[in-house]
Amino acid sequence: MSITPINTALTSYGMSGKVFHAPFLHCNPKFTLAGAWERSKELISADYPGTQSYKSYEELLSDAAIELIIINTPNYTHFDLAKKALLAGKHIVVEKPFTVTVAEGEELISLAKEKNKIISPYQNRRFDSDYRTVKKVLHEKLLGDVVEAEIHFDRFSDKLSYKVHKETPGPGANVMYD
């Protein structure tokens, strides 16, 4: 049985596009990496020949060949870009945090149901080896009955991020969201 790959575009080809999305879309035969919205640089086609660099989000949304859009832009943009994609008839995957507020998330879920579109948060950590190992250990009860566990991913830097949107106070910006 042959499966037609899902034509997929990214809303950004920065670090998350280059590291977390494009390589996996490119190597998975169930997807076609069609391109990315690149506001200032045109880098995706150098890394993935045959892909398109969209000059505007409207251009990406109007491409009838695009079926799935991955929202991988700054947190405060997730709701607006996801809503526009759903209204344009696209399926969406939204990076964490899914939205800045619960109300925004509920609105997107409702709109996706109304438009009969698939909507999903990007849940890459479920596939990390450490998470899968812990899941296996718990499932096989190798530790007996676990009553308490503390699992975290630590990272520290004494320098501010060069990404201004991560360091400037506002909706979706701070350590809780990032």
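Our structure is the block above this text.
Quick look at the structure, then. (Residues numbered from 1 in each chain as written. Predicted model: local features only at pLDDT ≥ 70, side-chain atom pairs only at ≥ 80, totals over all residues. Heavy atoms only, no water.)

### Thoughts on the packing of aromatic side chains
Thinking step 1. Counted according to the given criterion, the structure contains one aromatic pair.
Thinking step 2. Here the guanidinium or amino end of Arg39 rests over the ring plane of Trp37, the centre of that ring lying 4.0 Å away. (Phe/Tyr/Trp six-rings, centres within 6.5 Å; stacked < 30°, edge-to-face > 60°. Lys NZ or Arg CZ within 6 Å of the ring centre and 35° of its normal.)

### Comments concerning the nonpolar core
Thinking step 1. If you look at the biggest cluster of nonpolar residues, it comprises 22 residues, and the most contacted ones within it are Tyr57 and Ile69.
Thinking step 2. Breaking this core down by element, the ones donating at least two residues are strand 2 (31-37), helix 3 (57-62), strand 4 (68-71), helix 4 (78-87), strand 5 (91-94) and helix 5 (102-115).
Thinking step 3. Per-element accounting of this core gives the leading share, five residues, to helix 4.
Thinking step 4. Core analysis: the second largest hydrophobic core is formed by twelve residues, Leu10, Ala36, Val93 and Tyr122 among them. (Core = buried A, V, L, I, M, F, W, Y, C linked by side-chain atoms within 4.5 Å. Buried < 20%, exposed > 50% of the residue type's maximum accessible area, 1.4 Å probe, protein only. Helix = DSSP H or I, 4+ residues; strand = E, 2+ residues; numbered from the N terminus.)

### A look at a nonpolar patch on the surface
Thinking step 1. On the surface, a cluster of nonpolar side chains totalling about 570 Å² of accessible area is made up of Val134, Leu138, Leu142, Leu143, Val146 and Ile151.
Thinking step 2. With respect to the helices and strands, Ile151 occurs in the loop between helix 6 (129-139) and helix 7 (164-167).
Thinking step 3. Taking the relative accessible area as the measure of exposure, Ile151 reaches 64% and is therefore exposed. (Patch = residues over 30% accessible without salt bridge, like charges linked within 9 Å, V, L, I, M, F, W, Y side chains within 5 Å. Areas by Shrake-Rupley, 256 points an atom, 1.4 Å probe, with all protein chains shown as cover. Salt bridge = Lys/Arg side-chain N within 4 Å of Asp/Glu carboxyl O.)

### Considerations on helix 5
Thinking step 1. Under the 1.5 Å per step criterion, the end-to-end length of helix 5 is 20 Å for 14 residues, consistent within 8% with the ideal 20 Å.
Thinking step 2. Among the structural elements, helix 4 and strand 6 (119-121) are those in contact with the buried residues of helix 5.
Thinking step 3. Positive phi shows up at Asn116, right after helix 5, with a value of about 55°. (Expected span 1.5 Å × (residues − 1). Contact = heavy atoms within 4.5 Å.)

### Digging into the pairing of strand 5
Thinking step 1. Of the strand pairs in this sheet, strand 4 and strand 5 are connected by four bridges, and their pairing is parallel. Note that in strand 5 the partner of Leu68 across the bridge is His91.
Thinking step 2. For the crossover that starts at strand 4, traverses helix 4 and ends in the parallel strand 5, the hand is right-handed.
Thinking step 3. Where the polypeptide runs from strand 5 across helix 5 and back to strand 6, its parallel neighbour, the crossover connection is right-handed. (Pairing = 2+ DSSP bridges. Right-handed = clockwise from strand over helix to strand, strands pointing away.)

### Here's the deal with the side chain of Thr11
Thinking step 1. Tracing the backbone through its elements, the reader meets Thr11 in the loop between strand 1 (6-10) and helix 1 (15-27).
Thinking step 2. Residue Thr11 is classed as buried on the basis of its relative accessible area of 0%.
Thinking step 3. Polar side-chain contacts of Thr11 include one of 2.9 Å to the backbone nitrogen of Asn72.
Thinking step 4. Those residues within four positions of Thr11 in sequence are excluded, and the remaining contacts are Trp37, Arg39, Tyr57, Ile69, Ile70, Ile71, Asn72 and Thr73. (Polar contact = N/O pair within 3.5 Å; in protein donor to acceptor, adjacent residues only side chain to side chain.)

### Re the sheet that holds strand 3 (residues 52-54)
Thinking step 1. Strands sit in the order 3-2-1-4-5-6 across an open sheet of six strands; the sheet is parallel. On the outer flanks of this sheet lie strand 3 and strand 6, each paired with one strand and no other. Strand-to-strand twist across the sheet, computed as the mean angle between neighbouring axes with direction ignored, equals 25°.
Thinking step 2. Contacts from helix 1 reach strand 1, strand 2 and strand 4, with the element oriented near 170° to strand 1. (Axes fitted to C-alpha atoms, helices over the stretch in contact; angles between N-to-C directions.)

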